[in-house]
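Architecture at a glance
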4 protein chains.
Amino acid sequence: MSFNSFGHMFRVTTWGESHGPAIGCVIDGCPPGIPLSEADIQPWLDRRRPGTSKFVTQRQEPDTVRILSGTFADERMAGPLTTGTPIALHIDNQDARSKDYGGIRDKFRPGHADYAYWAKYGVRDYRGGGRQSARETASRVGAGAVARKVLNHLVPGGVTVRAAMIQMGPHAIDRARWDWSACEQNPFWCPDPQTAERWGDYLEGVRKAGSSTGAIIEVLAEGVPPGWGAPLYGKLDQDLASALMSINAVKGVEIGAGFAAAAFSGEDNADEMRSGPQFLSNHAGGILGGISTGQPVVARFAVKPTSSILTPRRTIDVQGHETDILTKGRHDPCVGIRAVPVGEAMMAIVLADHALRHRGQCG
Amino acid sequence: MSFNSFGHMFRVTTWGESHGPAIGCVIDGCPPGIPLSEADIQPWLDRRRPGTSKFVTQRQEPDTVRILSGTFADERMAGPLTTGTPIALHIDNQDARSKDYGGIRDKFRPGHADYAYWAKYGVRDYRGGGRQSARETASRVGAGAVARKVLNHLVPGGVTVRAAMIQMGPHAIDRARWDWSACEQNPFWCPDPQTAERWGDYLEGVRKAGSSTGAIIEVLAEGVPPGWGAPLYGKLDQDLASALMSINAVKGVEIGAGFAAAAFSGEDNADEMRSGPQFLSNHAGGILGGISTGQPVVARFAVKPTSSILTPRRTIDVQGHETDILTKGRHDPCVGIRAVPVGEAMMAIVLADHALRHRGQCG
Amino acid sequence: MSFNSFGHMFRVTTWGESHGPAIGCVIDGCPPGIPLSEADIQPWLDRRRPGTSKFVTQRQEPDTVRILSGTFADERMAGPLTTGTPIALHIDNQDARSKDYGGIRDKFRPGHADYAYWAKYGVRDYRGGGRQSARETASRVGAGAVARKVLNHLVPGGVTVRAAMIQMGPHAIDRARWDWSACEQNPFWCPDPQTAERWGDYLEGVRKAGSSTGAIIEVLAEGVPPGWGAPLYGKLDQDLASALMSINAVKGVEIGAGFAAAAFSGEDNADEMRSGPQFLSNHAGGILGGISTGQPVVARFAVKPTSSILTPRRTIDVQGHETDILTKGRHDPCVGIRAVPVGEAMMAIVLADHALRHRGQCG
Amino acid sequence: MSFNSFGHMFRVTTWGESHGPAIGCVIDGCPPGIPLSEADIQPWLDRRRPGTSKFVTQRQEPDTVRILSGTFADERMAGPLTTGTPIALHIDNQDARSKDYGGIRDKFRPGHADYAYWAKYGVRDYRGGGRQSARETASRVGAGAVARKVLNHLVPGGVTVRAAMIQMGPHAIDRARWDWSACEQNPFWCPDPQTAERWGDYLEGVRKAGSSTGAIIEVLAEGVPPGWGAPLYGKLDQDLASALMSINAVKGVEIGAGFAAAAFSGEDNADEMRSGPQFLSNHAGGILGGISTGQPVVARFAVKPTSSILTPRRTIDVQGHETDILTKGRHDPCVGIRAVPVGEAMMAIVLADHALRHRGQCG
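This write-up is about the structure you can find in this document. (Residues numbered from 1 in each chain as written. Chains lettered and ligands numbered in written order. Predicted model: local features only at pLDDT ≥ 70, side-chain atom pairs only at ≥ 80, totals over all residues. Heavy atoms only, no water.)

Description of the nonpolar core
Put simply, the rule reads: By nonpolar core is meant a set of buried Ala, Val, Leu, Ile, Met, Phe, Trp, Tyr and Cys residues that side-chain atoms within 4.5 Å join together. For every residue, the accessible area obtained with a 1.4 Å probe (protein chains only) is divided by the maximum for its type, and the residue is called buried under 20%, exposed over 50%, and partly exposed between those limits. Residues are treated as being in contact if the distance between any of their heavy atoms lies within 4.5 Å.
The biggest cluster of nonpolar side chains holds 370 residues, and the ones touching the most others in it are Phe 10 of chain A, Phe 10 of chain B, Phe 10 of chain C together with Phe 10 of chain D. Phe 10 of chain A has contacts with Ile 27, Asp 28, Cys 30, Ala 143, Val 146, Ala 147, Val 150, Ile 349, Ala 352, Asp 353 and Leu 356 of chain A, leaving out every residue within four places of it along the chain.

Shown next, in the form of structure tokens:
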């Protein structure tokens, strides 16, 4: 058991608070012999980094990752390889502003974990959200980059994991216009350029009003071979649900047709097969009985609006007295934006874990 | 790691196939000194039992549970108490019909786990679905009954866990008419008597057409104190997502406002607090930052339509040849019905596990 | 976490008390496609069975094992194969004599776990030792038989695991006379026929005096390839130490030269290598840095004398009053005898677990 | 599962290689509200530090520990408290000499893990032993210091864990002269001043000859309440065996009377009880049935001689060619010396873990 680890054969343990000296993680179980250096990880971190547009927190963090263990190179080798020993990733915190926390240190922000932490632990690091801060997700993205290397090492042809935002607030994309290349060309990872433009206007309004909005993100993994996953408590979809629900602010997860499947008939829902094997549809989202079918793995998750808003909300303080609170500071009007690379990372981590588990049991 | 266990401090390991001699589970970590006998478990199993209405499988299974270990009584005691050692529950399979499986043993039923199991293991018990069968959920309900005892033992005032079906196929209930007592008075665990009647007609049509339909179930736990759960990979909502997604045919899970939260503004979403502490709303579904807040814990999950239908579907066989398949036999037109007590059980198991984990770390 | 499970990829969970209706275990993670039926397990159980000589408990238990899940055969197959799903083994208790426990139910037998269980749980099944009884080791031997099948399935040439008693009370064997075939020809698993005879006389005296004696057992695994095990908390020797120490009444474990290595010089201790690779000695016991070297894996464990003796001992009762106790009933004058097949089983389980873990991480 | 973690409720994951930039660990599950700063940890690290006498490696490492997460203080608090979130300890490597490793990088040092790592992973960091180096034990000592704080927080009166070397090479102490205060007054943690002197002469000879010697260490925990531990695979002695065997170069572990118990009679071995409860002897080493009895917990472990010696030994290289090897460099003639604080640390970690597990299950 562990409160801050995820995975079994590919196991990630994260540590660190928003305003502590650093954050990081330890990746245990990575197979040996995989080329790995900071250059394989940093680009993924750069995609999640704060301060990259006006729509994400203005905190300035270079998020420079260092690998402190688990790889080795000497002058006879082309570059560092993983050694099978634990890989420690380390990211220094830089822009942890020493501002006055007087406003929030004794008050519980509604919608935040403040009260729950206090009720559980009796003590909490309230600076920047402490351990609850989305800053922790940088470690996930770093571990996800290593997981991608593992997947490409294990699967001939490679596994591609990518994600897109498909709804912001009440505004969904038009799936008919889906274009993956568009995702990198707008600040929202939106695969539909027209909707991206509309979101820009919408979110600008939200931001100026000091408000916030939620989002839905879709994650897709292609190249996953059939057979990953396990009955009945080691299901691939179960672990994906766990992984995605573990991301800050996530309130729902679905696989394939998801909640819509409730309204389907059995005829509609059955993904018929032809030789290949080929599937004529993918309502299952690439997973049946908890095991991958070889079809693309499709998951979706819902992110609630950022709790930190400029409109005063009613709350209580640690003494139980009623008061109001208003959260100033550098925050994300739509925390779902930065959840896109995090969702990808968690999908990659789950797949790498299951790839190794499957190899262990079934060869 | 384990492929067939769930939980950490309160850990359930299930075993058994649909047409094997028996099914069962081992519950490890149950606290000592709790009164427990079969009479505490059987009523919950009876609620999930097949053959109780025309809307569930006609397989006849008494599902009589036996406790084979982990409790003790002598003549000086009022009745058996848990001893802190593993509790083995055993349920014999009786009505495993020795019918001809020629029709399906070499074909993959679309929407079923047949192909995925075969691709993973190369061998599978196809009789009645083998390990994939919903029959396994009887063990979960048994373990859930023990979890309820644990919760009531630990929490003064007790914890109540109950569930209801809130949508069948495309037909949702009217929440304004919610009446928990109605749930026991219709075969659908429907809290809205008017909708229950409508569902009866609808499902009768589905059944007669040899078709099937999906459902959405809501699970509610009242009495959960604040502080259960843990950052960041031991979150209560994360484990609930994992637990509910581990149930056969489930394709989506949400907590509190769930997917609807994506469309909320930060102002709407924040559950304001007043002294008590009291919350003025419960969009969080009783969980913030992965930790319970003391509000009711609310989860919802979507069940896809049963894959076994009478309309022929295109598929392939184990040699890869194209063919058609039609699944005869005793099946559930809406497998979501029997998922209601299973969802309750999984919620109870997650809560018991977290109650003990919390006590371990925080006293 | 689990209190009653052992292993990670090959994971065994046992349940059951000495005088309950049955005992058993669930084996999770067994690879699919391995021929397995009761006939593969029963012979190993028969070796551990009570009542086979006057030197072991006279309790009469056929220890007939049933496989309740995890294997499958149809008429087209040569016999049952493992399916990759959990394997439940079930052994009924038969000769659980309903004698009067008045003598011991309220007293703590010195050297027994009675007081510790009572201090921990506040309630205990005192009948025949309850969960503390060596009866639980039948489940281990059953799981060990499955582990042997896994090892032989994974390693071309197979892995042989066997054990012998090398010391009874103060009387050690002469290693120069070691003959494995002798082990099956005396009731002590003694590889030295001359010493076996001497032990017979010695133990007869112990038995008649109502006393008991300890023993040392050596376990040897041949055919283990290099590379199994892992740094630094997943070491093969560490898991062997854990496995062997988990057997009832064991007080010490050593690997290779063991405690004697403390007196060695570095020159003596180094197992030099020649091409092959060949090792010129095996002080390491086949394990270096926690990883197998390809040499035979050698472990030794010490078993204390049975605590149940006929000489009255001073003790207290549950009220804390001072009293005397004398344990009547059917007991083993040297519980080490029956620990021999159990030691083998635990070695096999550890090796199977590490074989699968190694395959998972390193392919 | 994890290859580099130890413990369940108090879980330590270590990372780092001997000649990498740093080493460290993450401690997960520490209860909140315990005062903790570097000053609580550094003194324990200083006891294990290399370069403190001519009898330990001359590598110069200040081993300055930094706490990077998991504690919090603001100006209103007396000092930092644990917050219940993961505690990351970080220790920079400083004196990792960039010497030429040509001599050993392609050869396997007999008695070292070189060959086993290479056989397992196909790649290894040979610099200073890489991950196999005893340098990793600094992380253990750091985690052990935190475990001590946890124990003293949980147990009124506190738990004292200390260790002593009781045999060096063939020379055992005289237990009649045992004096704990002597341990800090010689470089060997020897509780018998006369023997310490003798060891000094002996080890000086070993050192000058470029040889090495083994040792036996005894660890004692006082103040452990009855009830910690669990049947049957979560035994306190089992976890101690695992913990101590996980230390580099350890080849044997025993509890209480240990291997000597094999020669005992049942009468001798039984620790009789008187009211209190009091035990009239402690052959059990404070543990019966895997559960603590309230008596002092006593464990012993054997450390083999350091494998790095100046006398050439026969070996092979990575191509399988036969060759000789001689290990120059800064090494410990008796690595058992530095194992003393490490043994203490592992005992403390096991106890803290079991204290929390017990509280979780039994309240």
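Focus: the sheet that holds strand S11 (residues 250-255) of chain D
The cut-off we apply is this: The pairing criterion for strands is at least two bridges between them, as found by DSSP. Only runs of H or I of at least four residues qualify as helices and only runs of E of at least two qualify as strands under DSSP, and these elements are numbered from the N terminus. To define axes, lines are fitted to C-alpha atoms, for helices over the stretch in contact only, and angles between the resulting N-to-C directions are given on a 0 to 180 degree scale.
Ordered in space as S9(C)-S8(C)-S10(C)-S16(C)-S11(C)-S11(D)-S16(D)-S10(D)-S8(D)-S9(D), the 10 strands form an open sheet in which the pairing is antiparallel. Each edge of the sheet is formed by a strand with only one pairing partner; in this case those strands are strand S9 (171-172) of chain C together with strand S9 (171-172) of chain D. Pairing between strand S8 (residues 160-168) of chain D and strand S10 (residues 215-222) of chain D: eight bridges, direction antiparallel. Looking across to S10 of chain D, one finds that Ala 164 of chain D is bridged to Glu 218 of chain D. The strands that helix H4 (residues 193-208) of chain C touches are strand S8 (160-168) and S9 of chain C; relative to S8 of chain C, the one it contacts most, it runs at about 55 degrees.

Quick word on the relation of the copies chain A and chain C
In this structure, two copies of a chain are linked by a rotation about an axis accompanied by a shift along it. Put simply, the rule reads: Alignment of copies: least-squares fit on C-alpha atoms of residues with pLDDT of at least 70 in both copies.
In the superposition of chain A on chain C (RMSD 0.0 Å, axial shift 0.0 Å), the rotation amounts to 180 degrees. The symmetry that links the two subunits is that of a two-fold axis. Scanning chain A for the C-alpha nearest the rotation axis identifies Gly 360 of chain A, at a separation of 1.8 Å.

Considering the interface of chain A and chain C
Heads up, the rule is: Reported buried area values correspond to the accessible surface (1.4 Å probe) lost by two parts on association, with both partners' losses combined. The salt bridge criterion pairs a side-chain nitrogen of Lys or Arg with a carboxyl oxygen of Asp or Glu, the two atoms within 4 Å. We call two N or O atoms a polar contact when they sit within 3.5 Å, provided that within protein one can donate a hydrogen and the other can accept it, with sequence-adjacent residues counted only if both atoms are side-chain atoms. Basically, the charged four are Asp, Glu, Lys and Arg, the nonpolar ten are Ala, Val, Leu, Ile, Met, Phe, Trp, Tyr, Cys and Pro, and anything else, Gly included, counts as polar.
In this assembly, 14 residues from chain A lie in contact with 14 residues from chain C. Counting each side, the surface lost to burial between chain A and chain C is near 1,100 Å², with a carbon and sulfur contribution of 59%. Counting across the interface, chain A meets chain C through zero salt bridges. For the pair chain A and chain C, the interface holds nine residue pairs in polar contact (both at pLDDT 80 or more). In terms of residue class, the side of chain A that touches chain C is built from seven nonpolar, five polar and two charged.

Side note on the pattern of salt bridges
The tally for this structure, following the rule as stated, stands at 117 salt bridges over all chains. Linking Arg 274 of chain D and Glu 322 of chain C is a salt bridge whose minimum nitrogen-to-oxygen distance equals 2.9 Å. With Arg 274 of chain D in strand S12 (residues 273-274) and Glu 322 of chain C in strand S18 (residues 322-325), this pair bridges two chains. Relative accessible area serves as the criterion here: at 16%, Arg 274 of chain D is assigned to the buried category. Through salt bridges with shared partners, a single ionic network connects Arg 47, Arg 148, Glu 184 and Glu 344 of chain A.

Here's the deal with the relation of the copies chain D and chain C
Laying chain D over chain C is done by rotating through 180 degrees and shifting 0.0 Å along the axis; what remains is an RMSD of 0.0 Å. By residue overlap, the copies meet face to face through one surface: 100% of the interface positions of chain D are interface positions in chain C.

Considering the pairing of strand S17 (residues 313-316) of chain A
All names here are of chain A. Where S17 and strand S18 (residues 322-325) come together, four bridges link them in antiparallel fashion. Its bridge partner lying in S18, Arg 314 is registered against Asp 324. Here S17 folds back onto S18 in antiparallel fashion, the turn holding five residues, of which Gly 320 has a positive phi close to 90 degrees.

Nothing here speaks to function; it is geometry throughout.
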